[in-house]
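Listed here are the chains, written in short residue letters.
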Amino acid sequence: MLKIPQAKSLLNSEDAHASKEWPPKVRREVNPALSGEDAVHRRRSPMETSERLGEEGLEMAASDAAQLALYEHLDLLSDILKHMSDPLAVVRQGPDGEYTYIFGNPSAEARIGGWQGLTGRSLHDVHSIHVLEQLIPLMRTVTQNSGRHVMDMDFEGWCGEVVVDPLPQRLAEHRYFLLTIRDISERKRYEKKLKKAAYRDPLTKLHNRRYLDRCLRLLRNSRATYGLFYIDCDNFKFINDRYGHDAGDAFLVQFSERLRGAVRQRDVVVRHGGDEFIVLCRIHGLEECNLVGQRLVRALSGQYTIAGQTIEGAVSVGAACYPVQVETLEDLILAANEAMHQSKHERKGQLTVYRFVSPKLESLLKR
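What comes next concerns the included structure.

Quick notes on the rules
Residues numbered from 1 in each chain as written. Predicted model: local features only at pLDDT ≥ 70, side-chain atom pairs only at ≥ 80, totals over all residues. Heavy atoms only, no water. Helix = DSSP H or I, 4+ residues; strand = E, 2+ residues; numbered from the N terminus. Contact = heavy atoms within 4.5 Å. Pairing = 2+ DSSP bridges. Axes fitted to C-alpha atoms, helices over the stretch in contact; angles between N-to-C directions. Buried < 20%, exposed > 50% of the residue type's maximum accessible area, 1.4 Å probe, protein only. Salt bridge = Lys/Arg side-chain N within 4 Å of Asp/Glu carboxyl O. Expected span 1.5 Å × (residues − 1). Arc of directions from axis to C-beta. Core = buried A, V, L, I, M, F, W, Y, C linked by side-chain atoms within 4.5 Å.

## Concerning the overall build of the protein chain
Summing up its helical and strand segments, the protein chain has 13 helices and twelve strands in all. Sequence-distant contacts in the protein chain: of pairs separated by 6 or more residues, those separated by 24 or more amount to 55%.

## Digging into the sheet that holds strand β11 (residues 315–322)
Read across the sheet, five strands follow the order β7-β8-β6-β11-β12 without closing on themselves; strand pairing throughout is mixed. Of all the strands in the sheet, the pair left with one neighbour each is β7 (268–273) and β12 (351–353). Across this sheet, the average inter-strand angle for adjacent strands is 20°, counted without regard to direction. Relative to β12, β11 runs parallel, the two sharing three bridges. Note that in β12 the partner of Val317 across the bridge is Leu351. In this fold helix α8 (residues 209–218) packs onto β7 and β8 (276–282), with an angle of close to 130° to the strand it touches most, β7. Each of β6 (226–233), β7, β8 and β11 is contacted by helix α10 (residues 245–261), which is oriented at about 10° to β8, the strand it contacts most.

## Some points on the pairing of β8
The buried count for β8 comes to five of seven residues, which makes it a mostly enclosed element. The pairing of β6 with β8 spans seven bridges and is classified as antiparallel. Bridging from a neighbouring strand, Leu228 pairs with Leu280 of β8. The pairing of β7 with β8 spans five bridges and is antiparallel. From the neighbouring strand, Val270 faces β8, where its bridge partner is Ile278. Turn length for the β7-β8 hairpin, with the two strands adjacent in sequence and antiparallel, is two residues, and the turn residue Gly274 shows positive phi of about 60°.

## Things to note about the environment of Val90
Relative to the elements of secondary structure, Val90 occurs in strand β1 (residues 88–93). Classification of Val90 by relative accessible area gives buried; the value is 13%. Among residues more than four places away in sequence, those in contact with Val90 are Thr100, Tyr101, Ile102, Phe103, Leu167, Phe177 and Leu178.

## Quick word on the pattern of salt bridges
One pass over the structure, following the stated rule, counts 14 salt bridges. As a salt-bridge pair, Arg148 and Asp165 come within 2.8 Å of each other at their nearest N and O atoms. With Arg148 in the loop between α6 (129–145) and β3 (149–154) and Asp165 in strand β4 (residues 159–167), the pair connects residues that are 17 residues apart, well separated along the chain. What makes Arg148 exposed here is its relative accessible area of 57%. The closest approach of N and O atoms between Lys344 and Asp234, which form a salt bridge, is 3.2 Å. With Lys344 in helix α12 (residues 329–346) and Asp234 in the loop between β6 and α9 (236–243), the pair connects residues that are 110 residues apart, well separated along the chain. Residues participating in the shared-partner salt-bridge network are Asp152, Arg187, Lys188 and Glu191.

## Some points on helix α11 (residues 286–300)
Counted at 1.5 Å a residue, the expected span for α11 with its 15 residues is 21 Å, and the 21 Å between its end C-alpha atoms agrees. Taken residue by residue, α11 has Cys289, Val292, Gly293, Leu296, Val297 and Leu300 as its buried positions. Axial view of α11: buried residues confined to an arc of 140°, hence all on one face. Those residues of α11 that are exposed and aimed more than 90 degrees away from the buried face are Glu287, Leu291 and Arg298.

## Here's the deal with the nonpolar core
Grouped together as the largest cluster of nonpolar side chains are 33 residues, with contacts concentrated most on Phe229, Ile231, Phe251, Phe255, Leu259, Phe277 and Leu296. For this core, the secondary-structure elements that each account for two or more residues are β6, α9, α10, β8, α11, β9 (302–306), β11 and β12. Residues contacting Phe277, with those up to four places away along its chain left out, are Leu206, Phe229, Tyr230, Ile231, Cys233, Leu252, Phe255, Ser256, Leu259, Val270, Arg271 and His272. Counting residues in hydrophobic clusters, the runner-up holds 25 residues, among them Tyr199, Leu228, Ala335 and Tyr354.

Below is the structure:
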């Protein structure tokens with residue numbers, strides 16, 4: 001590297017520069033086509049030259065500042081996408097109608113794409129049929145309405161609120177969608193807990209009357225045969241009066257555990273209120289209805305141990321069968337309840353099957 005005196009000597013030499021002075025004088029450019037006064041007027045003054053250089057410098061500085069701001073914004077956008085906890089992805093629909101992920105932030109790559117990643121993969125290669133049945137119609141709706149649409153979806157092991165926004169077209173015959181997914185698993189678990197609590201009896205943890213009404217509405221158009229067993233604890237009032245309400249609650253809890261163990265897992269077991277319980281199950285006719293009822297009487301009768309005391313338990317059960325004895329599921333509860341009261345009136349601790357046969361069935365039997 002040249003030292004400063006040597007560099008100044010080299011710059012002042014004839015070989016390095018036409019002028020022997022440093023710094024060299026500013027040459028004024030004169031248009032050779034002009035002469036005389038025109039040439040003098042067209043010469044640039046030092047002030048004009050300075051203004052021209054100043055304007056160019058400002059333009060260059062503004063351009064550099066704009067580029068710097070652009071790079072800064074791009075870096076910030078990259079950091080934002082990298083640190084977003086919610087998955088964000090861009091989907092492109094090609095001319096063949098196929099949906100493909102063309103971008104995904106790290107959260108989307110990990111949570112949706114898994115170990116295979118996300119970018120460049122078709123939706124059919126990424127998601128299960130259950131998700132595709134919801135996601136693809138949602139994007140078609142966005143295409144038709146050209147607006148944002150939101151839907152809750154169950155992914156693999158977690159729930160997400162999917163927000164789909166249409167993006168401007170970049171290529172002809174292509175459509176673009178922005179997917180933003182917010183993890184709502186905690187909220188769904190809480191809602192499920194509330195819903196479960198709404199259909200459960202807080203003491204026995206059995207289903208409640210509201211759940212039974214819901215089941216009867218769902219089975220309204222069913223053609224299967226169902227039996228309903230209305231169960232009443234014969235000596236519950238005696239337990240409450242002699243041992244107290246805490247002992248009565250403990251008895252109901254033990255009773256519910258026995259009742260749950262005496263039925264199949266798919267059967268509906270309900271605490272209908274107080275010491276009254278209902279079992280709704282699918283059967284094949286009156287004969288099976290009688291067998292199930294007898295099994296319930298045997299399982300629920302006998303000794304219970306409450307607070308160190310041995311208590312004898314007994315039940316009266318009334319049973320009815322749909323559609324053999326009643327024509328609607330709503331009448332099924334009334335028929336079984338009537339049979340239960342008949343059982344308590346005649347002799348407690350036994351089963352009574354509703355004795356009425358519907359006119360529809362009776363007409364079929366007479367043919």
